[in-house]
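# Inside the fold
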Amino acid sequence: MCRTSQSPVGIWKDANRTGAMFISILKSLVHDGSLGVIDAGGRLHKVGDGSAPSATIRLMSKAMEYRLAVNPALTVGEAYMNGALRIEEGTLYDFAAVIGRNASQARSLPWLALLNRARRHVRQSNPMSRARRNVAHHYDLSNEFYAMFLDRDMQYSCAYFHSPDDDLETAQANKKRHIMAKLLLDRRGLRVLDIGSGWGGMCLDIATHCDAEVTGVTLSTEQYRLSVERAAAAGVAERVGFHLEDYRDEAGPYDRIVSVGMFEHVGKRNYAEFFAKLRDLLTDDGVALIHTIGYSDHPAPINPFLRKYIFPGADLPSLSEIAAAVEWSGLIITDVEVLRLHYAETLRHWRERFVARRADVVRLYDERFYRMWEFYLVLCEIGFRMRTNVVFQIQLTKRLDALPIRRDYMVD
């Protein structure tokens, strides 16, 4: 077995002797769980301790073995998507679970540690000229596609599970109520802005249950079209309006601002700009709630496969990055909640629904697209279940007295 202290040159030479660079890395990485690797020559290599989870993969070419060794964070997903890495035993989730359980070991492998350090210096920006293209790449896939695996309200963000027995519909309704409680929608006629309003579900609920005037902004033409249709069908179009525009073009002021699952697309270089705009849009006694995926540990870039194929222009914050940007904005952080395994469970529901609709996804797109999205959903679930991904809900005000001094109102 290759020792974790071995140098990159040593790994390279050893891999050339065995013809399996990627396998050499796996032998150094995987200690918990069981992984079988069938190389391009048909030889089976076993790594790990023989315990569960367990999977066997097959590598379809010698060139792919080298590519996987050089940049596994990107190439594993590409190889599965393109059929160059196949699952022979177990499932894609089983394979990802083995890697996820052992991913922390990568810090002790010099070559992988060097790659990770290099990626930390990548700081995404998202100027207006690029933001619409990035949104279209992901969110302008057909509404028919998203309806295959989302809940009926088309909530494409972390749900909130009161119980492990909650179904997806219940958990997503819980999420909306949880956020609405934190916004303290305590009087009629409040002006509310939803930045990144998706398919309009949050806007419709706030208008219906809280008698507020709600504006949703999105850059997705597909989301905008369906949101307008839903507001009309619900009979609340006079109180709910949707704008197909960048949030930076919105004027305000607003008594309440909510943003669910949009901050991930702001880009690290734009954090200060985002919170400055939030401050300008918010009334002096206003309240804002930001719901975003982030890292529970140090700042880091988003996974390169996700950035290249799923969410171009996206990046994930650590709590320290958010706090640093807020501190200079004139806003006050009044509450922080860290949702941990809620998104892992949300993604499990999405993944199971998605896999069950494989034939429909392939009919709408193709096999490569199906494998790309399957890998994305699995990768994200593992990130929340075994790695450092969490969801932050961050409440913000301009004034210390804008909210009650106790948190009881969020429950009451």
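Residues numbered from 1 in each chain as written. Predicted model: local features only at pLDDT ≥ 70, side-chain atom pairs only at ≥ 80, totals over all residues. Heavy atoms only, no water.

### Digging into the overall build of the protein chain
For the protein chain, the helix and strand inventory stands at 17 helices and 11 strands. Within the protein chain, buried positions represent 57% of all 412 residues. Carbon and sulfur atoms make up 53% of the accessible area of the protein chain, which totals about 17,500 Å². (Helix = DSSP H or I, 4+ residues; strand = E, 2+ residues; numbered from the N terminus. Buried < 20%, exposed > 50% of the residue type's maximum accessible area, 1.4 Å probe, protein only. Areas by Shrake-Rupley, 256 points an atom, 1.4 Å probe, with all protein chains shown as cover.)

### Focus on the sheet that holds strand β6 (residues 213-218)
Sheet strands pair via backbone hydrogen bonds, and the direction of the pair is either parallel or antiparallel. In spatial order, the strands read β7-β6-β5-β8-β9-β11-β10; together these seven strands make up an open sheet with mixed pairing. Sheet topology places β7 (240-244) and β10 (332-339) at the edges, where each strand pairs with a single neighbour. Pairwise comparison of adjacent strand axes, ignoring direction, gives a mean angle of 15° for this sheet. Judged from the six bridges that link them, strand β8 (residues 254-260) and strand β9 (residues 282-295) form a sheet pairing that is parallel. From the neighbouring strand, R256 faces β9, where its bridge partner is V287. (Pairing = 2+ DSSP bridges. Axes fitted to C-alpha atoms, helices over the stretch in contact; angles between N-to-C directions.)

### Section: the layout of surface pockets
Quantified by volume, the largest pocket comes out at close to 160 Å³. Surrounding the largest pocket, S34, L35, G36, L44, K46, V47, S54, A55, T56 and E89 form its lining. The class makeup of the residues in the lining of the largest pocket is four nonpolar, four polar and two charged. (1 Å grid on protein atoms, 1.4 Å probe; cavity = no way out; pocket = protein on both sides within 12 Å on 5 of 7 lines; lining within 4 Å. Points joined across faces, edges and corners; volume = space filled by probe spheres on them. Nonpolar A, V, L, I, M, F, W, Y, C, P; charged D, E, K, R; others polar.)

### What about the environment of F95?
Relative to the elements of secondary structure, F95 occurs in helix α5 (residues 92-102). Its relative accessible area of 3% is what places F95 among the buried residues. In this structure, the C-alpha to C-alpha distance between F95 and G36, residues 59 residues apart in sequence, is 9.5 Å. Not counting the four nearest positions on each side in its chain, F95 is found in contact with L35, A55, I57, V76, L85 and I87. (Contact = heavy atoms within 4.5 Å.)

### Quick notes on a nonpolar patch on the surface
A contiguous nonpolar patch, built from L319, I333, V336 and V338 and spanning about 260 Å² of accessible area, is present on the exposed surface. By residue number, the principal contributor to the nonpolar patch is β10, which donates three residues. Relative to the helices and strands, V338 resides in strand β10. (Patch = residues over 30% accessible without salt bridge, like charges linked within 9 Å, V, L, I, M, F, W, Y side chains within 5 Å. Salt bridge = Lys/Arg side-chain N within 4 Å of Asp/Glu carboxyl O.)

### Some points on helix α10 (residues 201-210)
In terms of residue burial, α10 counts as a mostly covered element, since eight of its 10 residues are buried. Its buried side turned inward, α10 meets α9 (168-182), β5 (191-195), β6, α11 (221-233), β7 and β8. Directly after α10, the chain includes D211, whose backbone phi takes a positive value near 50°.

### A closer look at the packing of helix α12 (residues 271-281) against helix α14 (residues 319-327)
Look at α12 against α14: their axes get within 9 Å of each other, and the N-to-C directions meet at 50°. Taken together, the axes of α12 and α14 lie oblique to each other. The handedness of the crossing between α12 and α14 comes out as right-handed. Seen from α12, the contacting residues are Y271, A272 and F275; seen from α14, they are E321, I322, A325 and V326. Across the contact of α12 with α14, the residue classes tally to six nonpolar, no polar and one charged. (Parallel < 35°, antiparallel > 145°, perpendicular 65-115°, else oblique. Left-handed = near helix turned anticlockwise from the far one by under 90°.)

### Some words on the confidence of the model for the protein chain
On average, residues of the protein chain carry a pLDDT of 90, and 89% of them reach 70 or more. Counting contacts from residues 1-9, a segment whose pLDDT is below 50, to residues more than four positions away or on other chains yields 16 contacts. When the criterion is pLDDT under 50, residues 11-19 qualifies, and its contacts beyond four places in sequence or with other chains add up to 15 contacts. (pLDDT = per-residue confidence, 0-100.)

### So, the sheet that holds strand β4 (residues 85-89)
Ordered by their spatial adjacency, four strands build an open sheet running β2-β1-β3-β4, and the pairing between neighbours is mixed. Two strands bound the open sheet, and with one partner strand each, they are β2 (44-48) and β4. Strand-to-strand twist in this sheet, taken as the mean axis angle between neighbours without regard to direction, amounts to 25°. Pairing of strand β1 (residues 34-38) with strand β3 (residues 54-59) involves five bridges; the strand directions are parallel. Residue G36 lies in a different strand from β3, and its bridge partner there is T56.

### Notes on the pairing of β1
Side-chain direction in a regular strand flips from residue to residue, so the side chains alternate between the two faces of the sheet. Of all the five residues making up β1, five are buried; the element is thus mostly covered by neighbouring parts of the structure. By the alternation rule, side chains of β1 split into S34, G36 and I38 and L35 and V37, which are all buried. As defined by bridge partners, β1 adjoins β2 across five bridges and the pair is classed as antiparallel. Counterpart to G36 in the pairing with β2 is K46.

### A few points about the nonpolar core
Within the largest apolar cluster, 76 residues are counted, with the highest numbers of intra-cluster contacts made by F145, Y146, Y156 and W373. Per element, the largest residue contribution to this core is 11 residues, and it comes from helix α17 (residues 367-386). Sequence-distant contacts of Y156, defined by excluding residues within four places in its chain, comprise H138, Y139, Y146, F149, L150, W199, F311, Y343, W350, W373 and Y376. Core analysis: the second largest hydrophobic core is formed by 25 residues, L193, L282, F392 and I394 among them. (Core = buried A, V, L, I, M, F, W, Y, C linked by side-chain atoms within 4.5 Å.)

### Remarks on the pattern of salt bridges
Inspection of the entire model under this criterion finds 38 salt bridges. The shortest N-O distance in the salt bridge between E65 and K62 comes to 3.4 Å. With E65 and K62 both in helix α3 (residues 62-70) and three residues apart, the pair spans about one turn of that helix. Overall, the relative accessible area of 1% leaves E65 in the buried class.

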